[in-house]
Amino acid sequence: MSRKTTPSMTMEEMTTQAKAGLMTGVGKSVKHESAEKQVSGEALYIDDRGEFPNQLHVYALMSPHAHANITKLDVTPCYNVPGVRSVITSKDVPGELDIGPLLPGDPMLADGKVVYVGQPVIAVAADSLDNARKGAEAAIVEYERLPAALDVEEALAQELFVTDSHTQKRGDSAAAIANADHVLEGSLHIGGQEHFYLETQVSSVVPTEDGGVIVYCSTQNPTEVQKLVSSVLGVPMHNVLIDMRRMGGGFGGKETQAAGPACIAAVFAIQTGQPVKFRLPRREDMMMTGKRHPFFNQYKVGFDHNGLIEGIDIVVSGNAGHSPDLSRSIVDRAMFHSDNAYFLGNATVTGHCVKTNTASNTAYRGFGGPQGMMTIEHVMDSIAYHLGKDPLDVRKANYYGAEGEGRDETHYYQKVEDNFIHEMTTDLESECDYQARRKAIADFNASSPILKKGISITPVKFGISFTATFLNQAGALVTVYTDGSISLNHGGTEMGQGLNTKVAQIVAETFSVDISTIQVTATNTEKVPNASPTAASSGTDLNGKAAQNAALMIKERMVSFASSHFDVSPDAVVFSNGIVSVGDKKTMTFADFTELCWFNQISLAASGFYRTPKIFYDHEKARGRPFYYFAYGVSCSEVIIDTLTGEYKVLRADILHDVGASLNPAIDVGQVEGGFIQGMGWLTTEELVWNDKGQLMTAGPASYKIPAVADTPEIFNTRLVENRTNPEDTVFHSKAVGEPPFMLAISVWSAIRDAIMSVAEDGEIPHLPSPATPEQVYHTIKQARKGKSAADFSL
């Protein structure tokens, strides 16, 4: 009863193959598992799924007001539009209306009141998207407008918050500032960011015979969508199956906000008994969904003549939008990262989640960390300009010290272990020839009246783990078939970042087989239940460990069987490059060995599980170890600006980044470069603009500008730290790579500010908000020149 798919091999051939290196295991630059399909267009996304003959399409009518009571709602005219099958309002939801992820505040459809422009008021299902739109626009809705909170500073002054505020404190910052030689204080507006994933929010729902649904959803959080769909339908979670093969981008935007379209489509599917698809057009997606939180941060810092910080007060205020969503955790992370790589011995950090009448802001790559880091980097530059020093010298003077030196503990009392940011900075400073370039830039600026250059090196110290401790868990299902092929399913989601490839490499390494024998199947809530979202850079850390756990369980069973069957010690059973050797008694292919195990009734499937050790955080005491470890990075950016127009170009970027023992260097380098460019867009071109009515005016690519190919630095050098592994017991001692590189782009913003400093008069310190659009750069140049325009200067 043989079912081998590989031809039999001689002992010599097996030995030769076993000695050959495993080319697709851990540490190898294996190509992305979907790369060829994505390039050719064969990769299937939700909108590519074949449609049923009776499938319905959904369109949601959005609120035109930021804050208003609904005084009249008549959907009868909607049914006069040909093709309209059903219309639902908040009254038609069979279960719970609120779909807030952690705290209430997010009704699936507006219930008597609207709280932001773009909020779904009614939803219409029709035989086409065009007919659904026409049907929605036929509804009669009347409003009584109410005062709206649209300015974050005004809302902060009125103490309009969506959750309680939080404070972290170490030492006595007030006394330290009072006794310092120098004191600076100020504030910084930090803009939000649209996720601009290529695939907008979309769900396709098919009703089942038992009153449940199958939901094909583009989401980073299948379990959360399952939970909320079951909640709005009023059915148990086992009646809801979520299937997610891949997303066309996520970046955090599909962690909580994928639930709305899924829930609305599910209600229609149960109501009509027909398959339903809800895909948001780009404009509606941008208006209806939240962004990266804009922040308004304030600081007061005391420091000595060398630029060493002696005391600092920081207040970070995230614009949460109209509801809590994940704002508490995001503002917490901004607070955790208000130190970045710098020791703050006397520090008070306060965080507010400010309520405004805008779309509820949500997770985005970095999850508040970038907004927290921006303030301290702004402070470092300001200290340097105030003292007439090189900003790099001020940064290095304030770095965390080695363990045991007394400068190794954060303001939330976590030890900064395995800190090698000093060595990384020295390495990059030398490699990119920073000192010579800084001198050359000074000479250039002295002789160039219009074009000015700037350069900056900035560090990154980013904590890895969910700040909500309970989310640091994952599951996986590994099945080995009798032909030696392997099916792998885990709770993580693939959004282009290469998670499936890395987890497959981990399983391939564990069994010592080629990755081509492994098929990663769609994320499925029936196969791996209760999974955490793919976020917080922890996708590989968590799911890779869970998959490794499952594979090791199967492998241990196989080894135990071989040891007993062939009467050898377990150590004599060796898996090597698709070959299994049992001492000197037997050598066979992995496929043959698998079949032998099956014949002898050995279980070849296992569910793995992993939870991150060591981490905790006492929110009441504001202390703990919220992060399992830190990932480090350093970047150097050089820019040139036109002082007449404010336009600029990034000439060169040099990056040195820490990923521990890389699981896949090619994918890791791609993540570093992609994160840097996305971060550069956030800090330069990506400007979100609302009018005085609360309407988003930059609701499409015509007005919202993400970085393009021409924005890439002309010279772009990226290198991973070599010969350094993660001291913690992560999967093969690697480190997370998703979010940390994003913040490397702060060096671009800092370099622009450095270039502006070259035209500053009378010690004026440039105040540069983010994003630093050309208009903003021009106004900052004018401010640095004491209000004079370029025409006032001899050319």
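Look up: the structure comes first, before these words.
Residues numbered from 1 in each chain as written. Predicted model: local features only at pLDDT ≥ 70, side-chain atom pairs only at ≥ 80, totals over all residues. Heavy atoms only, no water.

Participant: What is the right way to read the pattern of salt bridges from this model?
Facilitator: Under the definition given, this model contains 33 salt bridges. Residue Lys439 is joined to Asp443 by a salt bridge in which the shortest nitrogen-to-oxygen separation is 3.4 Å. One end of the pair is Lys439 and the other is Asp443, both in helix H13 (residues 434–447) and four residues apart, which spans about a single turn. A relative accessible area of 43% places Asp443 in the partly exposed class. Put simply, Lys545 and Asp729 hold a salt bridge, and the shortest N to O gap is 3.5 Å. Within this pair, whereas Lys545 is found in helix H15 (residues 539–566), its partner Asp729 is found in the loop between strand E29 (715–720) and helix H18 (746–757), the two being separated by 184 residues in sequence. (Salt bridge = Lys/Arg side-chain N within 4 Å of Asp/Glu carboxyl O. Helix = DSSP H or I, 4+ residues; strand = E, 2+ residues; numbered from the N terminus. Buried < 20%, exposed > 50% of the residue type's maximum accessible area, 1.4 Å probe, protein only.)

Participant: Looking at this structure, how should I read the environment of Val573?
Facilitator: Along the chain, the position of Val573 falls in strand E21 (residues 573–576). Each C-alpha atom of the pair Val573 and Pro94 lies 58 Å from the other, and the pair is 479 residues apart in sequence. Aside from chain neighbours lying at most four places away, what touches Val573 is Val559, Ala562, Ser563, Val568, Val580, Ser581 and Val582. (Contact = heavy atoms within 4.5 Å.)

Participant: I keep staring at the pairing of strand E11 (residues 240–244) and nothing clicks. Help me out?
Facilitator: In the case of a regular strand, side chains alternate between the two sheet surfaces. The buried count for E11 comes to five of five residues, which makes it a mostly enclosed element. Of the two faces of E11, the one holding Val240, Ile242 and Met244 and the one holding Leu241 and Asp243 are both buried throughout. Where strand E10 (residues 213–217) lies against E11, four bridges are found, and the strand directions are parallel. Paired with Ile214 across the two strands is Leu241, which belongs to E11. Taking the sense of rotation as the criterion, the β-α-β connection linking E10, helix H6 (residues 222–233) and E11 turns out right-handed. As paired strands, E11 and strand E20 (residues 523–524) are joined by two bridges and run antiparallel to one another. (Pairing = 2+ DSSP bridges. Right-handed = clockwise from strand over helix to strand, strands pointing away.)

Participant: Mind showing me how you'd approach the environment of Thr730 here?
Facilitator: Of note, Thr730 is situated in the loop between E29 and H18. On the basis of relative accessibility, which here comes to 3%, the residue Thr730 falls in the buried class. Between the C-alpha atom of Thr730 and that of Leu604, which follows or precedes it by 126 residues, the distance is 25 Å. Among residues more than four places away in sequence, those in contact with Thr730 are Asp541, Lys545, Tyr628 and Tyr629. Separated by 2.7 Å, the side chain of Thr730 and the backbone oxygen of Ser734 make a polar contact. (Polar contact = N/O pair within 3.5 Å; in protein donor to acceptor, adjacent residues only side chain to side chain.)

Participant: Please clarify how helix H12 (residues 421–431) should be interpreted in this entry.
Facilitator: Counting along an α-helix, one turn takes 3.6 residues, and residues three or four places apart therefore face a common direction. Every buried residue of H12 is accounted for by Ile421, Met424, Thr425, Leu428 and Glu429. Along H12, the residues classed as buried sweep out an arc of 130° about the axis, all on the same side. Against the buried residues of H12 lie helix H11 (391–398), H13, strand E16 (451–464), strand E27 (629–642) and strand E28 (648–657). Backbone geometry just downstream of H12 places Asp433 in the positive-phi region, at approximately 60°. (Arc of directions from axis to C-beta.)

Participant: Is there a simple way to explain the packing of aromatic side chains in this structure?
Facilitator: The tally for this structure, following the rule as stated, stands at 17 aromatic pairs. For the pair Phe336 and Phe627, a centre-to-centre distance of 5.3 Å together with 80° between the ring planes defines the contact as edge-to-face. You can see Phe336 sitting in helix H9 (residues 327–336) and its partner Phe627 sitting in the loop between strand E26 (623–625) and E27, a full 291 residues away along the chain. Neither residue differs from the other here; Phe336 and Phe627 are each classed as buried. (Phe/Tyr/Trp six-rings, centres within 6.5 Å; stacked < 30°, edge-to-face > 60°.)

Participant: Help me understand empty space enclosed by the protein, please; the structure alone is not making it clear to me.
Facilitator: Where empty space is left in the structure can be found by rolling a water-sized probe over the atoms. The full count for this structure, using the stated rule, is four cavities of 30 Å³ or more. Every residue lining the largest cavity is counted, 24 residues in all, and those nearest its centre are Ile99, Asp106, Tyr116, Gly260 and Met288. If one sorts the elements of the lining of the largest cavity by residue count, helix H7 (residues 259–272) sits on top with four residues. For the lining of the largest cavity, the residue count by class is 13 nonpolar, nine polar and two charged. (1 Å grid on protein atoms, 1.4 Å probe; cavity = no way out; pocket = protein on both sides within 12 Å on 5 of 7 lines; lining within 4 Å. Points joined across faces, edges and corners; volume = space filled by probe spheres on them. Nonpolar A, V, L, I, M, F, W, Y, C, P; charged D, E, K, R; others polar.)

Participant: I would appreciate a short explanation of the sheet that holds E21 in the present structure.
Facilitator: Paired through their backbone hydrogen bonds, the strands of a sheet run either parallel or antiparallel. Pairing within the open sheet is antiparallel, and its three strands lie in the order E21-E22-E23. Each edge of the open sheet is held by one strand with a lone partner, namely E21 and strand E23 (586–589). Within this sheet the neighbouring strands show an average axis-to-axis angle of 15°, counted without direction. Inspection of the sheet shows E21 paired to strand E22 (residues 579–582) by four bridges, in the antiparallel sense. Bridge pairing links Val573 to Val582 in E22. Each of E21, E22 and E23 is contacted by helix H16 (residues 590–599), which is oriented at about 105° to E23, the strand it contacts most. (Axes fitted to C-alpha atoms, helices over the stretch in contact; angles between N-to-C directions.)

Participant: Help me understand the sheet that holds strand E19 (residues 518–520) in this model?
Facilitator: Strand order in the open sheet made by the four strands is E19-E18-E17-E24, with mixed pairing throughout. Both edges of this open sheet fall to E19 and strand E24 (605–611), since each of them pairs with a single strand only. Across the sheet, the axes of successive neighbouring strands diverge by a mean angle of 20°, strand direction being ignored. Judged from the three bridges that link them, strand E18 (residues 486–490) and E19 form a sheet pairing that is parallel. By the bridge assignment for E19, Ser487 is matched with Gln519. Along the sheet, H15 makes contact with strand E17 (473–480), E18 and E24, crossing E24 at roughly 140°.

Participant: Help me understand the packing of helix H10 (residues 369–387) against H18 in this model?
Facilitator: Packed helices, taken two at a time, are described by their axes: the angle between them and the distance between them. With their axes 11 Å apart at the nearest point, H10 and H18 run at an angle of 30° to one another. On the basis of the axis angle, H10 is roughly parallel to H18. The two elements H10 and H18 meet at a crossing, and its hand is right-handed. Residues Met373, Met374, Glu377, His378, Asp381, Ser382 and Tyr385 of H10 pack against Ile746, Trp749, Ser750, Arg753, Asp754 and Met757 of H18. Per-class residue counts for the contact of H10 with H18 are six nonpolar, three polar and four charged. (Parallel < 35°, antiparallel > 145°, perpendicular 65-115°, else oblique. Left-handed = near helix turned anticlockwise from the far one by under 90°.)

Participant: Even after reading the chapter, I still don't get the packing of helix H17 (residues 665–683) against H18, so can you show me in this structure?
Facilitator: The contact between H17 and H18 brings their axes to 8 Å, and the two run at 45°. As summarised for this structure, H17 and H18 are arranged oblique, according to the angle between their axes. Contact with H17, carried on its side by Phe676, Met680 and Leu683, involves Ile746, Ser747, Val748 and Trp749 of H18 and no other residues of that element. Looking at the contact of H17 with H18 residue by residue, the class counts come to six nonpolar, one polar and no charged.

Participant: What exactly am I supposed to notice about a nonpolar patch on the surface here?
Facilitator: On the surface, a cluster of nonpolar side chains totalling about 320 Å² of accessible area is made up of Leu102, Leu103 and Phe470. As for its placement among the helices and strands, Phe470 is situated in the loop between E16 and E17. For Phe470, a relative accessible area of 55% translates into the label exposed. (Patch = residues over 30% accessible without salt bridge, like charges linked within 9 Å, V, L, I, M, F, W, Y side chains within 5 Å. Areas by Shrake-Rupley, 256 points an atom, 1.4 Å probe, with all protein chains shown as cover.)

Participant: Looking at this structure, I do not really get H16. What am I missing?
Facilitator: Burial analysis of H16 places seven of its ten residues in the buried class, the great majority of the element. Residues of H16 that are buried: Phe590, Ala591, Asp592, Phe593, Thr594, Glu595 and Cys597. Just beyond H16, the residue with positive phi is Gln601, at close to 60°.

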